[in-house]
Every structure is written in structure tokens, then in C-alpha cells.
Amino acid sequence: QVQLVESGGNLVQAGGSLRLSCGASGSTFSLIYRGWFRQAQGKERDFVAAISWSDGRTYYSDSVKGRFTISRDNAKNTVYLQMNSLKPEDTAVYSCAAKTEYAGAYDYWGQGTQVTVSS
């Protein structure tokens, strides 16, 4: 069993920055990918970024590429999402996720943290 907990969501002004954190506990040795998703009010959940735990390879959605950076701290079993040049359209509940198989669906999810970008 795995538990994921996000933190760092806040209200920020457009153009500002924010860093989200996601800690993992439990059977974390099996988590081969860690990722971030977001869901705006009234919309479906969208992929934001992911990182391979083995080699650190990163993946980004086109909407955040160049502005957001996903990173990891292996010793702390923690993944971060550094968000720069924030836009109002980035407003959403951000959730961290993890999966145990390369081609499988994300198995574990955090509770979500609210990011609101004001104009």
C-alpha cells in the first residue's frame, strides 16, 4: 500500500511561482513513475508532468513545457513540481500520482492541493 500527500498549493499572482511537493510512504520501492495531474473546476483531469524514478527522465504536457519543472529527491521519496510564469489558466486542483508498471495506469493518488492564479 502507498500513501501520497501533496502540499504547497496557494493563491499566487499571474507571473508568479509556486513549488508543490508530494511525499510518498508505504511500499514506495514499487513506484516506477511519479506524476502530477490537475483538474480545473468543471473540467476533466489533465496530465501535467511525470518523472521516472529510475533514471529521472521527465515528461511534460505542452501547456506547461518550459514553465514547469518536475524533480525528485530519492532519499526522501518526494517529487516536486516547480511552477514558474503562472497563468490564470493554471488554476486547478493539483494531484500527485504514482504507478507501479511501465505501461499500466496510475495506481495511487494524493488528495490534491489547490493552486489559484489571480490576474
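None of these values were measured; they are calculated from a predicted model.

**Q** Would you mind going over unusual backbone geometry with me for this structure?
**A** What is expected of a backbone is that most residues other than glycine have negative phi and most peptide bonds are trans. Positioned with a positive phi, Asn-77 is a non-glycine residue whose angle comes to about 50°. Even without being a glycine, Ser-85 presents a positive backbone phi close to 50°. Assignment of secondary structure puts Ser-85 in the loop between strand E8 (78-83) and strand E9 (92-99).

**Q** Explain the pairing of strand E11 (residues 113-118) here, please?
**A** Strand residues, when the strand is regular, have side chains that alternate between the two faces of the sheet. Only one face of E11 is covered, namely the face carrying Thr-113, Val-115 and Val-117; the face carrying Gln-114, Thr-116 and Ser-118 is uncovered. The pairing of strand E2 (residues 11-13) with E11 spans three bridges and is parallel. Among the inter-strand pairings, Val-12 is bridged to a residue of E11, identified as Val-117. Sheet analysis places E9 next to E11, joined by three bridges and oriented antiparallel. What sits directly across from Ala-92, in E11, is Val-115.

**Q** Could you clarify how one ought to interpret the side chain of Ser-95 in this entry?
**A** Residue position: Ser-95 is located in strand E9. What makes Ser-95 buried here is its relative accessible area of 10%. The residues contacting Ser-95, other than those within four sequence positions of it, are Glu-6, Gly-35, Trp-36, Phe-37, Trp-109, Gly-110 and Gly-112.

**Q** Just to check I follow, could you spell out the state of the cysteines for this structure?
**A** Linking two cysteines covalently via their sulfur atoms produces the bond known as a disulfide. Scanning the model with the defined rule gives one disulfide in all. The disulfide partner of Cys-22 is Cys-96, and the gap between their sulfur atoms is 2.0 Å. Negative torsions about the S-S bond denote left-handed disulfides, and the value of about 55° found for Cys-22 with Cys-96 makes this one right-handed. Placement of the pair is Cys-22 in strand E3 (residues 18-26) and Cys-96 in strand E9, with a sequence separation of 74 residues. We note that Cys-22, like Cys-96, is buried.

Definitions and limits used
- Residues numbered from 1 in each chain as written.
- Predicted model: local features only at pLDDT ≥ 70, side-chain atom pairs only at ≥ 80, totals over all residues.
- Heavy atoms only, no water.
- Helix = DSSP H or I, 4+ residues; strand = E, 2+ residues; numbered from the N terminus.
- Buried < 20%, exposed > 50% of the residue type's maximum accessible area, 1.4 Å probe, protein only.
- Pairing = 2+ DSSP bridges.
- Contact = heavy atoms within 4.5 Å.
- Disulfide = S-S within 2.5 Å.

That is the geometry; function is a separate question.
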